[in-house]
Amino acid sequence: MRTLTTLILIAFISITTVAQTGVNKLFEKYENDERFTKVNVNSRMFSLFTELEPGDENEEEFLEAISKIEGLKVLSADSIDDAEKHFKDAVASLKGKGYEELMSVKDADQDVFFYIQESKGIINELLLVAGGGHEFNLVTLYGEIDLKKISRISKSLNIKGLDKLKNLDGN
């Protein structure tokens, strides 16, 4: 039984690591490109928030939602000529990597895709890829993710594209 549990744990870690490695390659590709803004928030930053005492129900919901988040990475450019190419390359690089398209929003100015990676009913990564005009955005949120809670708190995060999550929330 112990061996079986160990094998299952190793398999789960391997799946998560492979997926995160694929997304990390996208971030590494633009690491030294000064046209892009790069943000990396690790689990320690999220854990600092969870040590705060909630003041009201909204703050409590926010703290609960982020308590299981392991990290957030953002790659953004708002004035590049080849935004469409970066968008198409990012979407193509996700094919066959275990991501499921959750939602897409297309309008005249921008296309937005949300992908998830799920294991045993638990979403362990939410990935946003958005592009159009001169803008390109790539956002990954990873850990144990409750989409409805993230949708409700996304209004306060002011990250381009996350406002589209409101469509998941019925509000």
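What counts, and where the lines are drawn
- Residues numbered from 1 in each chain as written.
- Predicted model: local features only at pLDDT ≥ 70, side-chain atom pairs only at ≥ 80, totals over all residues.
- Heavy atoms only, no water.
- Buried < 20%, exposed > 50% of the residue type's maximum accessible area, 1.4 Å probe, protein only.
- Helix = DSSP H or I, 4+ residues; strand = E, 2+ residues; numbered from the N terminus.
- Pairing = 2+ DSSP bridges.
- Core = buried A, V, L, I, M, F, W, Y, C linked by side-chain atoms within 4.5 Å.
- Contact = heavy atoms within 4.5 Å.
- Phe/Tyr/Trp six-rings, centres within 6.5 Å; stacked < 30°, edge-to-face > 60°.
- Lys NZ or Arg CZ within 6 Å of the ring centre and 35° of its normal.
- Axes fitted to C-alpha atoms, helices over the stretch in contact; angles between N-to-C directions.
- Polar contact = N/O pair within 3.5 Å; in protein donor to acceptor, adjacent residues only side chain to side chain.

Asks: Help me understand the pairing of strand 4 (residues 111-119) in this model?
Replies: The side chains of a regular strand alternate between both faces of the sheet. Judged by how many residues are buried, strand 4 sits mostly within the fold: eight of nine residues are covered. Alignment of strand 3 (residues 100-106) against strand 4, held across six bridges, turns out to be antiparallel. What sits directly across from Lys106, in strand 4, is Asp111. What sits between the antiparallel neighbours strand 3 and strand 4 is a turn of four residues.

Asks: How do you make sense of the nonpolar core when you look at a structure like this?
Replies: Soluble globular proteins: nonpolar side chains tend toward being buried together. Membership of the largest hydrophobic core comes to 22 residues, with the highest contact counts inside it found for Ile69, Leu72, Leu126, Leu141, Ile145 and Ile150. For this core, the secondary-structure elements that each account for two or more residues are helix 3 (57-66), strand 2 (69-77), strand 3, strand 4, strand 5 (122-132), strand 6 (135-145) and helix 5 (147-157). With four residues, strand 5 is the single largest residue contributor to this core. Setting aside residues up to four positions removed in sequence, Leu141 forms contacts with Ile69, Gly71, Leu72, Asn124, Glu125, Leu126 and Ile150.

Asks: Can you help me understand the packing of aromatic side chains in this one?
Replies: Working definition: an aromatic ring pair is given by the centre-to-centre distance plus the angle between the planes. For the structure shown, the criterion picks out five aromatic pairs. Ring plane angle 35 degrees and centroid distance 4.6 Å describe the contact between Tyr30 and Phe36, whose orientation is recorded as tilted. Of the two residues, Tyr30 and Phe36, both sit in the buried class. Ring geometry for Phe113 versus Tyr115: centroids 6.1 Å apart, planes at 25 degrees, classification stacked. Each member of the pair, Phe113 as well as Tyr115, carries the same accessibility label: buried. Members of the aromatic cluster, connected to one another through ring pairs, are Tyr30, Phe36 and Phe136. In this arrangement the basic side chain of Lys73 is found over the ring face of Phe27, its NZ or CZ atom lying 5.7 Å from the centre.

Asks: What's the story with the sheet that holds strand 2 in this structure? I'm lost.
Replies: Sheet strands line up and pair through hydrogen bonds in the backbone, either parallel or antiparallel. Reading across from one edge, 1-2-6-5-4-3 is the order of the six strands in this open sheet, with antiparallel pairing throughout. Of all strands in the sheet, those with a lone pairing partner are strand 1 (37-42) and strand 3, marking the two edges. Direction aside, the axes of adjacent strands within the sheet are offset by 10 degrees on average. Of the strands in this sheet, strand 4, strand 5 and strand 6 touch helix 4 (residues 83-94), which is tilted by about 155 degrees from strand 5.

Asks: Sorry, what's going on with the side chain of His86 here?
Replies: Relative to the helices and strands, His86 is located in helix 4. Classification of His86 as buried rests on a relative accessible area of 5%. At a separation of 2.8 Å, a polar atom in the side chain of His86 contacts the side chain of Tyr30. Side-chain polar atoms of His86 contact the side chain of Asp82, separated by 3.1 Å. What His86 contacts, discounting residues up to four positions off in sequence, is Tyr30, Arg35, Phe36, Ile80 and Phe136.

Asks: Please clarify how the environment of Ala130 should be interpreted in this entry.
Replies: Within the fold, Ala130 resides in strand 5. Separated by 42 residues in sequence, Ala130 and Lys88 place their C-alpha atoms 9.6 Å apart. Those residues within four positions of Ala130 in sequence are excluded, and the remaining contacts are Phe87, Gln110, Asp111, Val112, Glu135, Phe136 and Asn137.

Asks: I keep staring at the environment of Ile66 and nothing clicks. Help me out?
Replies: In this fold, Ile66 is placed in helix 3. Its relative accessible area of 3% is what places Ile66 among the buried residues. Sequence spacing of Ile66 and Lys149 is 83 residues, and the spatial spacing of their C-alpha atoms is 9.0 Å.

Asks: Where do I start with the environment of Leu75 in this structure?
Replies: With respect to the secondary-structure elements, Leu75 resides in strand 2. Residue contacts for Leu75: discarding those within four places in its chain leaves Leu26, Phe27, Tyr30, Phe36, Thr37, Lys38, Phe136, Asn137 and Leu138.

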